[in-house]
Amino acid sequence: MTEYEVVIGLETHIQLNTKTKIFCACKADSWDDEPNTNICPVCTGLPGVLPVLNKAVVEKGVLLAKAMHSDIRMRSFFDRKNYFYPDLPKGYQISQYDLSLASGGYLDIPMPEGYTRRVTIHKLHMEEDAGKTKNAGNLRLIDFNRCGVPLVEMVTGPDLRSANEAAQYLIRLRQLLRWLDISEADMEKGHLRCDANVSIRPKGSHQLFTKTEIKNVNSIDNVKNAIEHEVERQIREVEAGNRVQAWTLDWDEEKNELRKMRSKETEADYRYFREPDLLPLDLTQAWLDEILADFPELPLERKARFISEYKLPEYDADILTGERNLSDYFESAVQHYAGDPKKVSNYLMNDILRMLNESGKTANQLQLTPTFLAEILTMVDAGQINTSTGKGLLEKVETSAKSPRKIVEEEGLGLVSDDSAIRAVAEKIVAANPKEVETFRAGKESLIGWFTGQVMREMRGKADPKMATKILMELLKK
Amino acid sequence: MSEEITPEIFNHLVTLAALELDDKQAAYLRRELNQQLKAIHELESIPLDVDLKITTHGVSYSLTTSPVLREDTWLPHPNPGEILAQAPQVDEQYIIVPDIPHEKLD
Amino acid sequence: MELCDRSAHELLDLLRSKQVSAEEVVQSSLQRIAVVDGRPGSLESGEETDQDRRTVHAFISVAAEQALDQAKAIDQQLAKGEQVGPLAGIPFSAKDVFCVKDTYTTAASKILANFKAPYTSTAVERLQKQGAIMLGKVNMDEFTYGSSNESTAFQPCPRNPWDTSRVPGGSSGGSTSSVAAGEVPFSLGTDTAGSIRQPAAFCGVVGVKPTYGRVSRYGIIAFASSLDCPGPVTRDVTDAALMLQAIAGADPRDSTAANVPVPDYLATLEQGVKGKRIGLSPDYFQISYMDAESGEIHQKPVQEDISAAVYHAAEVLQRMGAEIIEDVPMPNTRYGIPAFFVISRVEAASNLHRYDGVKYGYRTPSAEDDLRVMYRKTRNEAFGLQPKLRILMGMYVSAAQYSEQYYNRALKVRALLRRDFDQIFDKQGKYQLDALLTPTTPTTAFPIGAIYGDSVLMQYSDQFTVTANHAGIPGLSLPGGIAADGLPIGVQLLGPDFSEHTLFSIGRALEIGTQDEVWRLQKPAVLR
Ligand SMILES: [Zn+2]
């Protein structure tokens, strides 16, 4: 039986998280709005009105291009892509065709199996989104709220080799988009949309075979699922002696099946030409420098550095660089703390992440600042509080925004390391438990733990356990 | 002289243009298209420099004469209802159009 | 002379010195409309009557009441001694491609017959802010596609006030008719290949195609977006300067409205032509046109009295101190029309995509259950032949397999046309011209029905004007005489980018130099 290799390229549409649309001053996000309320003459294509490019769209596009290692064009152009569709009010989409914002580029995707897949970028351009169409019986309901929302379309080469690789690409892309604050990248809300071009070929072949295009997939799981379905279908077709046809397929999430949309035999001619309503987009070096001045370290670079610089296990480094705020938080806490970064990581991975999940906050929104966290860790290390007090402090600092040291003082949470106070309690415990004292003295020295526990209980955990043990040993061995 | 826009090409253009013509209109339009194309072919007699720079506009814009880009500031349109009021068919805030029949796989 | 026959700058003097009221000015215009305009264009016009053939039909809609209300408000402000705008009380008409909030803007097409824009075009807004009063919307070729106004869906079509059996020219024929017939002193037109200058010449008025980007295109229904220029139609050069002053300048709503300061046009208007270098080009005294049968291109000189009028203008200017430079080569002039056939169609077809029966305007009443059928029926039923012709040509020459052969070639030819002008206006070049003086049109106004239908021949009447649209440069057409057929002759001044002030001062000098000539006494037939 022939072994097949899967060849996948992804076309992603990334909705930028600017405040306003790309060519008009309507707000970009209208997720919660009633249909056709977030509209104006420009984004609904009324006669005579003209597009005016939003500066922030260019800036976010440049950030993405930089992150994808693309060449940024100092002069790029907008073009009209002409076609009729009811949710495309002008009858053309303002997009970029041959001379778009950036060309080339790649993204290296580390796979869970350990290897890295380099995914090349074929196209990266800015464009406007269309509206939304809902079907209702034999009617279509059109909502223009989304018209003119800024998008970056990014198309990869046919470089991905499995549904899983496709999913990993989307996971890393989503991480990057959020990291750069370019997009909310929520697939369910359509901030990140993905069409997958799928074909198969006999293993060892370098030819590209007829591909199908899967559209309308709105989660990473569904992308994976749909590609898997399609690969199976293509193998079935080929095994049955049929040819794969260049179909456009629609993923029906509810039925978990693919539907054929329209034949791609006659590739539509969009009759691209330069958008005469806009001037060429010129980036000056000064503007470019300004946009890129604060270009951050990217997640994968940072992950590698966390491993080498802070000796974190890969697992920790991956989670701590999953999101930029969290990763900044970690690094800031490490800088305020003289001890082992792994201890900081433990606190983050166990406690802080849970706290974030429960509150829905991002790390930078916590009242428990990295400085406070470092303070707690330092107090535990110095024996000023015990570990459980330390953990308890996390919540207290978060709710009160008071410094941990102050809370410890106010609530008297500090460990008692006063010899006489501990000694008094220890003497009391020794006197009250003659039977255990006898057993200890008969040689069962492991009972020391039990004695220490009694002292701690009596002192409600505030005794320095090391000192308590020392005093107890002294008393018992007398 | 052979016609550049044959009835076949013409019908294809009519479809692309989302038009539908009666015979009289079609005959007139096809004749005029072919006439105009004859005039357009005059352009082929011009020797063109290879390095001739194409621009979108006749006037050249410099960095200083180009208008600045728009700041990303929200300015809601005061009366979106007036836009919707122009639509031929509206139901519960949606613009209504007929469907396109859909083909199912398999 | 009635009030409505006066120029805007004269009316402003009268208004400021309180010799007349704004209401009187508007009333005078409305009365003139009542006398000469006849019934307004409509979709269901029925048979054309004899009466129709004697009136000019410039207007599609007249907003008499609003205009009178505005005039009264201005009069009250003046009475109270309040500050009013610099154009307060001046009536104007606007070609029906200028969107004006809460009024119909039809582009003279059935497809937009019921369209009410929820916004006002920048040019109209600026005139209104300065106190000018919009009297109504004027007729035009459907979507501006034509040079005669015969293609309007709103019949009867405008007629030439000098001879109502003749076309007013186009596509801003309603604008030039309304100004020539004394209905308004100001009209807003648009010029894509000569659509202001050609009808201005035919109707004996002044028309300005400003530099591309000088006047915002916001709110103006587009023909060919890279060529369209809104501009003034007036009765004299002073008014043209006054009107352009009001509408010119950058606009945050138009990304192509250039960030170039607007000079004070009136300040330099009377500076004369001493030392100005004005060119004449043989390439603007002959036309190339295509024989409909053979498809061959023929050359023929322009109408004799037109070339005579241009040479006469040159003499007058020379007498006044200008230097006339003859034999200026403009070798690519003849390619302006074929290049326009391509570029404008590509843009027009795309600009017409939005008229699909979904969002506004006409939708076919035959209920259809297939969207594609709805599109086709809507566009077929509501577009006239001229839009259809432009759509089909645009589709053809921009198709992926042909665009290199046609569209990209045409763009290169446009670059050549631009180079012709760059060379003659180059301050270090051989000619160093301040302006080129040409005929505006190869003929005077042609009879209604004479050319209509022959889309090629019709387009060739724009041969001397379209070059400025390709190059983006400004052009001014002003009256230069009356031909033997009793029809006005236009002469054209073309200048480098943003040289409107120079063109105005040359034009003004020409007015002064010819003010005592007998043809100046002649009036349009409808006013005799
Ligand atoms: Zn908008």
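Predicted model, so just to flag it, every value in this text is computed and none were measured.

A word on the overall build of chain B
Summing up its helical and strand segments, chain B has 3 helices and 2 strands in all. Helices and strands appear in chain B in the N-to-C order α-α-α-β-β. Relative to the globule expectation of 13 Å for 106 residues, the C-alpha radius of gyration of chain B, 24 Å, shows a markedly less compact shape. In terms of principal-axis extent, the alpha carbons of chain B reach across some 55 × 55 × 35 Å. When burial is assessed residue by residue, chain B has 46% of its 106 residues classed as buried. Only carbon and sulfur atoms are counted for the fraction: they give 56% of the accessible area of chain B, which is about 6000 Å². On chain B, the mean spot of the 7 positive side-chain charges and the mean spot of the 19 negative ones are 6 Å from each other.

Focus on the confidence of the model for chain C
Should pLDDT be low for a region, the predicted coordinates there are not to be read in detail. Counting all residues, the mean pLDDT for chain C is 96, and 100% of those residues have values of 70 or more. With a pTM of 0.92, the predicted complex shows an ipTM of 0.96.

Section: the interface of chain B and chain A
Contacts between chain B and chain A engage 34 residues on the former and 55 residues on the latter. Surface buried jointly by chain B and chain A totals about 3800 Å² across both partners, of which 62% is contributed by carbon and sulfur atoms. Inspection of the chain B/chain A interface yields 2 salt bridges. Along the contact surface separating chain B from chain A lie 19 residue pairs in polar contact (both at pLDDT 80 or more). Counting only elements with at least two residues in the side of chain B that touches chain A, the list comes to helix H3 (80-84) and strand E2 (94-98) of chain B. Here the side of chain B that touches chain A gets 5 residues from one element, more than from any other, and that element is E2 of chain B. When the residues that make up the side of chain B that touches chain A are grouped by side-chain class, the tally is 20 nonpolar, 7 polar and 7 charged. In the sheet, strand E10 (residues 139-143) of chain A pairs with E2 of chain B via 4 bridges, with the strands oriented antiparallel.

Looking at the interface of chain B and chain C
A common way to report how large an interface is uses the accessible area buried once the components associate. Counting from both sides, the interface comprises 61 residues of chain B and, opposite them, 83 residues of chain C. Both faces considered, chain B and chain C share a buried interface measuring about 6000 Å² in area, 63% of it formed by carbon and sulfur atoms. Our enumeration of links across chain B and chain C arrives at 3 salt bridges. Counting across the interface, chain B meets chain C through 24 residue pairs in polar contact (both at pLDDT 80 or more). Secondary-structure elements contributing two or more residues to the side of chain B that touches chain C are helix H1 (7-16), helix H2 (23-40), H3 and E2 of chain B. Counting residues per element, the side of chain B that touches chain C draws most heavily on H2 of chain B, at 11 residues.

Here we look at helix H10 (residues 387-400) of chain A
Residues spaced three or four apart along an α-helix face the same direction, because each turn holds 3.6 residues. All names here are of chain A. Along its 14 residues, H10 runs 20 Å from first to last C-alpha, staying within 8% of the 20 Å computed at 1.5 Å per residue. Its axis deflected by about 25 degrees at Leu 393, H10 carries its strongest bend there. Along H10, the positions that sit buried rather than exposed are Thr 389, Gly 390, Leu 393, Leu 394, Val 397 and Glu 398. Each element contacted by the buried residues of H10 is listed here: helix H8 (341-359), helix H9 (370-381) and helix H11 (404-411). Of the residues trailing H10, Ala 401 is marked for its positive phi of about 65 degrees.

Description of the coordination of the zinc ion
All names here are of chain A. The protein atoms that coordinate the zinc ion are Cys 24 (SG), Cys 26 (SG), Cys 40 (SG) and Cys 43 (SG), at distances of 2.3 to 2.4 Å. If you look at the zinc ion, its 4 donor atoms make angles of 102 to 115 degrees with each other, and the shape they trace is tetrahedral. Within one chain, the residues donating to the zinc ion are spaced in sequence as C-x1-C-x13-C-x2-C. Here the residue Cys 24 occupies a position in the loop between strand E1 (4-15) and helix H1 (55-67), and Cys 40 occupies one in the loop between E1 and H1, the gap between them amounting to 16 residues. Using a relative accessible area of 5% as the deciding quantity, one classes Cys 24 as buried.

A short note on the environment of Phe 84 of chain A
Residue placement: Phe 84 of chain A occurs in the loop between strand E4 (79-82) and strand E5 (92-95). On the accessibility criterion, Phe 84 of chain A (17% relative accessible area) is buried. Placed 94 residues apart in sequence, Phe 84 of chain A and Arg 178 of chain A show a C-alpha to C-alpha distance of 34 Å. Ignoring sequence-local partners within four residues, the contact set of Phe 84 of chain A consists of Leu 16, Ala 17 and Ala 18 of chain B together with His 353, Tyr 375 and Arg 379 of chain C.

Details of the sheet that holds strand E9 (residues 132-136) of chain A
One open sheet holds the 4 strands; their spatial order is E9(A)-E10(A)-E2(B)-E1(B), and the pairing between them is antiparallel. The outermost strands of the open sheet, each flanked by one partner alone, are E9 of chain A together with strand E1 (90-91) of chain B.

As for the packing of aromatic side chains
Inspection of the entire model under this criterion finds 28 aromatic pairs over all chains. Centre to centre, the rings of Phe 273 of chain A and Tyr 407 of chain C are 6.0 Å apart; their planes meet at 75 degrees, and the pair counts as edge-to-face. Taken together, the residues Phe 273 of chain A in strand E16 (residues 273-274) and Tyr 407 of chain C in helix H13 (residues 404-425) connect one chain to another. Accessibility assignment for this pair places Phe 273 of chain A and Tyr 407 of chain C in one class, buried. Geometrically, the ring pair formed by Phe 223 of chain C and Phe 340 of chain C is edge-to-face, given 5.9 Å between the ring centres and 80 degrees between the ring planes. On the criterion of sequence distance, the pair formed by Phe 223 of chain C in the loop between strand E5 (206-209) and strand E6 (229-234) and Phe 340 of chain C in helix H10 (residues 336-351) is long-range, its members being 117 residues apart.

Here we look at unusual backbone geometry
Residues and elements named next belong to chain C. The linkage connecting Gln 155 with the following residue, Pro 156, adopts the cis geometry, with an omega of 0 degrees. Examined against the element boundaries, Pro 156 turns out to sit in the loop between strand E3 (133-138) and helix H5 (173-180). Looking along the chain, the bond that leaves Gly 170 and enters Ser 171 is cis, with omega of 10 degrees. If you trace the backbone, Ser 171 turns up in the loop between E3 and H5. With a phi close to 55 degrees, Ala 107 is a non-glycine residue in the positive phi region. Looking at where Ala 107 falls in the secondary structure, it is placed in the loop between strand E2 (91-95) and helix H4 (122-129). With phi around 55 degrees, Phe 498 is a residue other than glycine that occupies positive phi space. On the secondary structure map, Phe 498 appears in the loop between strand E13 (488-494) and helix H16 (500-513).

Focus on the pairing of strand E8 (residues 116-128) of chain A
As a general feature of sheets, a regular strand has side chains that alternate between the two faces. Residue and element names in this part refer to chain A. Two strands pair when backbone bridges link them, and strand E7 (residues 106-110) and E8 are joined in this way by 5 bridges, in the antiparallel orientation. When the sheet's bridge partners are listed, Pro 110 is paired in E8 with Thr 116. The loop that links E7 with its antiparallel partner E8 comprises 5 residues; one of these, Gly 114, has a positive phi angle of about 115 degrees. Note: E8 against strand E11 (residues 150-156), 7 bridges, orientation antiparallel. Bridging from a neighbouring strand, Met 126 pairs with Val 152 of E11.

Considerations on the environment of Val 344 of chain A
Residues and elements named next belong to chain A. Topologically, Val 344 is positioned in helix H8. On the accessibility criterion, Val 344 (0% relative accessible area) is buried. Sequence separation between Val 344 and Pro 370 is 26 residues; the distance between their C-alpha atoms is 9.6 Å. In contact with Val 344, other than residues within four places in its own chain, are Phe 330, Ala 333, Val 334, Tyr 337, Leu 373 and Leu 377.

Criteria and thresholds
- Starting afresh in each chain, residues are numbered from 1 along the sequence in its written order.
- As a convention, the first chain written is A and the first ligand written is 1, with the rest following in written order.
- Per-residue local features are limited, in this predicted model, to residues with pLDDT of at least 70; the limit for side-chain atom pairs, both in listing and counting, is 80 or more; totals at the level of whole chains, interfaces and linings are taken over all residues.
- The side-chain figures draw on all heavy atoms in the structure; neither hydrogens nor water molecules are used.
- Segments assigned H or I by DSSP are reported as helices when at least four residues long, segments assigned E as strands when at least two residues long, and all are numbered from the N terminus.
- Here the globule rule is a power law, 2.2 Å times the number of residues to the power 0.38, and the radius of gyration is based on C-alpha atoms.
- With a 1.4 Å probe rolled over the protein chains alone, any residue whose accessible area is under 20% of its type maximum counts as buried; one over 50% counts as exposed, and the rest are partly exposed.
- Shrake-Rupley sampling with a 1.4 Å probe provides the accessible areas, and residues are treated as covered by the protein chains on show and by no other component.
- In summary, the charge assignment counts Lys and Arg as positive and Asp and Glu as negative, without counting His or the chain termini.
- Charged groups are reduced to one reference atom each: NZ for lysine, CZ for arginine, CG for aspartic acid, CD for glutamic acid.
- For every residue, the predictor assigns a confidence score, pLDDT, that lies between 0 and 100.
- Working rule for contacts: check all heavy atoms of both residues, and any pair within 4.5 Å makes them a contact.
- Two parts lose some accessible area (1.4 Å probe) when they are put together, and adding that loss for both gives the buried area.
- Whenever Lys or Arg places a side-chain nitrogen within 4 Å of a carboxyl oxygen from Asp or Glu, that contact is recorded as a salt bridge.
- N or O atoms within 3.5 Å of each other form a polar contact, as long as, within protein, one can give a hydrogen and the other can take it, and as long as residues adjacent in sequence are counted only when both atoms are side-chain atoms.
- The nonpolar class holds Ala, Val, Leu, Ile, Met, Phe, Trp, Tyr, Cys and Pro. Asp, Glu, Lys and Arg form the charged class, and all remaining residues, Gly among them, are polar.
- Whether two strands pair depends on DSSP finding at least two bridges between them.
- Expected span of a helix: the number of residues minus one, times 1.5 Å.
- The seven residues ending at a residue and the seven starting there each receive a fitted axis; the angle between those axes is the bend at that residue.
- Metal sites are built from N, O and S donor atoms within 2.8 Å, or 3.2 Å for Na, K and Ca, and they leave out water, so they may look incomplete.
- Every angle between 85 and 135 degrees makes a four-donor site tetrahedral, while opposite donors more than 155 degrees apart, with all other angles between 65 and 115, make a four-donor site square planar and a six-donor site octahedral; other sites are irregular.
- To pair, rings of Phe, Tyr and Trp, with the six-membered ring standing in for Trp, must have centres within 6.5 Å; the planes then decide the type, stacked if under 30 degrees apart, edge-to-face if over 60, and tilted in the middle.

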